[in-house]
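# Per-entry structural report
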Number of protein chains: 2
Amino acid sequence: MTSRSTAAHAPAGSVPDADLTRLSLNTATTKAWTLEEAVDGAVRAGLPAVGLWRDRVAEAGLERAARLVRDAGLRVSSLCRGGFLTAADDDGRRASLEDNRAAVVEAATLGTRELIMVVGGLPAATGPNAPARPGGDKDIVEARRRVADRIGELVPFAQEHDVRLVLEPLHPIFAADRAVLSTLAQCLDLAEPFAPETVGVVVDTYHVWWDPDLRRQIARAGRTGRLASYQVCDWIQPIAADPLLSRGYMGDGFIDFPTVTRWVAESGYTGDVEVEIFNQDIWDTDGDDVLAVVAERYGRLVQPYL
Amino acid sequence: MTSRSTAAHAPAGSVPDADLTRLSLNTATTKAWTLEEAVDGAVRAGLPAVGLWRDRVAEAGLERAARLVRDAGLRVSSLCRGGFLTAADDDGRRASLEDNRAAVVEAATLGTRELIMVVGGLPAATGPNAPARPGGDKDIVEARRRVADRIGELVPFAQEHDVRLVLEPLHPIFAADRAVLSTLAQCLDLAEPFAPETVGVVVDTYHVWWDPDLRRQIARAGRTGRLASYQVCDWIQPIAADPLLSRGYMGDGFIDFPTVTRWVAESGYTGDVEVEIFNQDIWDTDGDDVLAVVAERYGRLVQPYL
């Protein structure tokens, strides 16, 4: 108990032997912090990189956000997020392409090549009176086809701006409402027609830890040059009322981080490791304390296996 | 509104044109009913089959349960369930093999070949002080290997009793605590070394609807003679506090039943279709009313596509 509460309150820099040279703070982990506070917090904790969310960037202003991060000497490991490409109507399609082009420009301005894409779920369709025929709004096969088409439409623009569209498979718990891409294999299949510099994939342990094909698909992502980001956080239970927030510190749940991290290392990945935790308790905790725990867990469960 | 509330309170037999000749009531759907009540209810609703849970069978007594169902002229489409095979210690292994042999005998006695297997999750391992090294309790790769080994150990006994071990892929939301088998492909890979009459798979829409490889794997299950059961219920949201109970009537959620049902039909499946819904609201509803809704939804969203 003593050592744990010490770790939780000491600055991250005091964790013995912690090699933080690839640890990136995804700003969603310290949600209460403004971009400026997150940048300062990352620097205080000795982290070399941040993963940015667009809402925090927008609050700070794009140019100012880029300058803040650059002046602090931090890398931007990724921008979260583009996507939501499944709308079935023309207006929805146009709006999502426009929003994604803006995200591409933001990524380039912020100095990251990696734009994380959460592709969206089924168009809203529930209740006994909703259409349920094939071709109707519950047609996940067709929704996936639209995602592939729209990625194809975005590719030239992304290429021009030297930004990679990074497809994120989301846990199947989110297939209905957030992402019809559910496995790494599916994302790699979708990426195949495009250059690996322009369409990649991300491995987020929370979303893929259960996948029986995970080792093989991580290796495939590495071999094809598409592994663009490695994000870590744990799968905890009981599942929170809002499953989006049901993430925990590495070590608090069920994920075997050493094994998955070794697979990522074996694939040849040499990039940053982003810690991205959505969790109300963690959001209610002081950011410096959060970073101290993150650094300790990373140093124990992730970094040694990289 | 009028037509809906009428349907919900009329006896199932009054649903116009409903062909119920392949509809089976899984007794978990009408949890408040004893086995005898479920048998009577199924007969009243014009259903030809029931899927039985072992707890209801045990309450009634095995021989008496077998007689009740036989005397009512009902088929038993499956027995739920065997499994929970992931224990890492010798005592746990012995206990689970013993329990599964008992389940095999029960299935044979009840007159069904299909014993549904929910294989179990990770041995309990959570919290920062739990072992998290590879080879520790969070090692899902090893847990899956144990499942394969134990299925192998059970096969000769199942074969002797002319019972099929029916592997159930569970939604990845249950990978930690209920089933380390998460996809149909994975179950079919595991089944491959064994005769299709002895190791099969079940397609439960709730568990597999999100799977991008679903069509191909259903076809493979049919082609290899392993598709032993088709179970239907819907994926509803928001997810219930206990995700096990987060199931709904067909049509109330996000699943495209016509499409999945057509894939099952194309695979050559000619067996019963079990409706298996765990849902507190439905459990609190009068069983006859539940069966009326089930029959109406089945007649509209499933049967026409079989």
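Our subject is the structure listed above.
Bear in mind that the values here come from a model prediction, so they are computed numbers and not experimental data.

### Comments concerning the packing of aromatic side chains
All chains considered together, the criterion is met by 9 aromatic pairs over all chains. Ring geometry for Y206 of chain A versus W235 of chain A: centroids 5.2 Å apart, planes at 35°, classification tilted. Of the two residues, Y206 of chain A sits in helix α8 (residues 205–208) while W235 of chain A sits in strand β8 (residues 234–235), which places them 29 residues apart along the sequence. We classify W235 of chain A as buried; its relative accessible area is 0%. Each ring, one from W209 of chain B and one from W235 of chain B, has its centre 6.3 Å from the other, and the planes form 40°; the classification is tilted. Pair noted here: W209 of chain B is in the loop between α8 (205–208) and α9 (214–223) and W235 of chain B is in strand β8 (residues 234–235), with a separation of 26 residues, a long-range link. Three or more aromatic residues link up through ring pairs in this structure, and these residues are W53, F278 and W283 of chain A. Lying across the ring of F278 of chain A, R247 of chain A places its NZ or CZ 4.4 Å from the centre.

### Structural notes on the interface of chain B and chain A
Facing the 44 residues of chain B at the interface are 44 residues of chain A. Summed over both sides, the interface between chain B and chain A buries roughly 3600 Å², with carbon and sulfur atoms accounting for 62% of that surface. One can count 0 salt bridges joining chain B with chain A. Broken down by secondary-structure element, the contributors of at least two residues to the side of chain B that touches chain A are α6 (140–160), α10 (257–266) and α12 (287–302) of chain B. Ranked by the residues each element gives to the side of chain B that touches chain A, the list is headed by α10 of chain B, at 4 residues. Across the side of chain B that touches chain A, the residue classes tally to 22 nonpolar, 10 polar and 12 charged.

### As for the pairing of strand β6 (residues 199–204) of chain A
Residues and elements named next belong to chain A. Among the 6 residues that make up β6, 6 are buried, leaving the element largely enclosed by the rest of the structure. The alternating pattern of β6 places V199, V201 and V203 and G200, V202 and D204 on opposite faces, both of which are buried. Across 3 bridges, strand β5 (residues 164–167) lies against β6 in parallel orientation. Pairing of L165 across the sheet is with V199, part of β6. Taking the sense of rotation as the criterion, the β-α-β connection linking β5, helix α7 (residues 184–191) and β6 turns out right-handed.

### Let's talk about the side chain of S78 of chain B
Residue and element names in this part refer to chain B. Tracing the chain through its elements places S78 in strand β3 (residues 75–83). In terms of polar contacts, S78 uses its side chain to reach the side chain of E274, at 2.6 Å. Those residues in contact with S78 that lie beyond four places of it in its chain are V50, G51, L52, T112, E114, I116, Q231 and E274.

Thresholds applied
Residues numbered from 1 in each chain as written. Chains lettered and ligands numbered in written order. Predicted model: local features only at pLDDT ≥ 70, side-chain atom pairs only at ≥ 80, totals over all residues. Heavy atoms only, no water. Phe/Tyr/Trp six-rings, centres within 6.5 Å; stacked < 30°, edge-to-face > 60°. Helix = DSSP H or I, 4+ residues; strand = E, 2+ residues; numbered from the N terminus. Buried < 20%, exposed > 50% of the residue type's maximum accessible area, 1.4 Å probe, protein only. Lys NZ or Arg CZ within 6 Å of the ring centre and 35° of its normal. Contact = heavy atoms within 4.5 Å. Buried area = accessible area lost by both parts, 1.4 Å probe. Salt bridge = Lys/Arg side-chain N within 4 Å of Asp/Glu carboxyl O. Nonpolar A, V, L, I, M, F, W, Y, C, P; charged D, E, K, R; others polar. Pairing = 2+ DSSP bridges. Right-handed = clockwise from strand over helix to strand, strands pointing away. Polar contact = N/O pair within 3.5 Å; in protein donor to acceptor, adjacent residues only side chain to side chain.

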